[in-house]
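Architecture at a glance
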Amino acid sequence: MVAESELNTGLLLFIPYRALENRVFAALAEAGFDDFTPAQARVMQRIGPNGTRLTDLAEQAQVTKQTAGFLVDQLEKAGYVKRVPDPTDKRARLVCGTEKAWAAKEVADAVVAEVEKEWEAHLGKRRMTQMRQALTLLREITDPYA
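First things first, this report covers the structure right here in the doc. Model, not experiment: these values are computed from the prediction.

Core analysis: the biggest nonpolar cluster contains 26 residues, and F36, M44, V72, Y80 and V81 have the highest contact counts within it. At the level of secondary structure, the elements contributing two or more residues to this core comprise helix 1 (9-30), helix 2 (38-44), helix 3 (54-61), helix 4 (65-77) and helix 5 (99-123). Excluding anything up to four places from it in sequence, M44 contacts F36, L75, Y80 and A101.

Next up on the list: the pairing of strand 2 (residues 81-86). The two faces of a sheet get side chains in turn, since along a regular strand they alternate between them. Across six bridges, strand 2 lies against strand 3 (residues 89-97) in antiparallel orientation. Residue pairing across strands places V81 opposite G97, the latter belonging to strand 3.

The next subject is unusual backbone geometry. Excluding glycine, most residues fall at negative phi; most peptide bonds, likewise, are trans. At Q62, a residue that is not glycine, the phi angle is positive and equals roughly 60°. Within the secondary structure layout, Q62 lies in the loop between helix 3 and helix 4.

Let us look at the pattern of salt bridges. Using the criterion set out here, one finds 13 salt bridges in the structure. Among the salt bridges present, the one from E21 reaches R42, with a minimum N-O distance of 2.8 Å. With a gap of 21 residues between them, E21 in helix 1 and R42 in helix 2 connect regions that are remote in the sequence. A salt bridge links R91 to D89; its shortest N-O distance comes to 3.1 Å. For D89, a relative accessible area of 17% gives the class buried.

Read from one edge of the open sheet, three strands run 1-3-2, paired in antiparallel fashion. Of all strands in the sheet, those with a lone pairing partner are strand 1 (52-53) and strand 2, marking the two edges. On the sheet, helix 4 packs against strand 2 and strand 3 and is oriented at approximately 115° with respect to strand 2.

Conventions we followed
Residues numbered from 1 in each chain as written. Predicted model: local features only at pLDDT ≥ 70, side-chain atom pairs only at ≥ 80, totals over all residues. Heavy atoms only, no water. Core = buried A, V, L, I, M, F, W, Y, C linked by side-chain atoms within 4.5 Å. Buried < 20%, exposed > 50% of the residue type's maximum accessible area, 1.4 Å probe, protein only. Helix = DSSP H or I, 4+ residues; strand = E, 2+ residues; numbered from the N terminus. Contact = heavy atoms within 4.5 Å. Pairing = 2+ DSSP bridges. Salt bridge = Lys/Arg side-chain N within 4 Å of Asp/Glu carboxyl O. Axes fitted to C-alpha atoms, helices over the stretch in contact; angles between N-to-C directions.

In structure tokens:
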């Protein structure tokens, strides 16, 4: 096993994220939302409140348009999304979340809040604030959608 001091920063960021994601998916399954995958969730979580074009979802999820289309097709069959005409361009369509998607989001948001409280209890308020500030600053150079 690699010594903790030898783990790279990316892995140190990924480990708590994966733990959070696992908790979210367990709670979603317990609440009856067990019919979508992490790959589908990564596309679904990028859908804006008024819908998002498939090309934008693909870009933000860093997958091909074909892959995003396949994932959206699956989400549509499961009842999480629907496609509607884009009011700004009648040739385009928007992917919109359904009531089922928003209900799943409520469950996920509650788990995220619970986990963040646990992290704050473990790290302390000051360290948690510093971590959030540092990660927010890193978005400036790592997140093209920030």
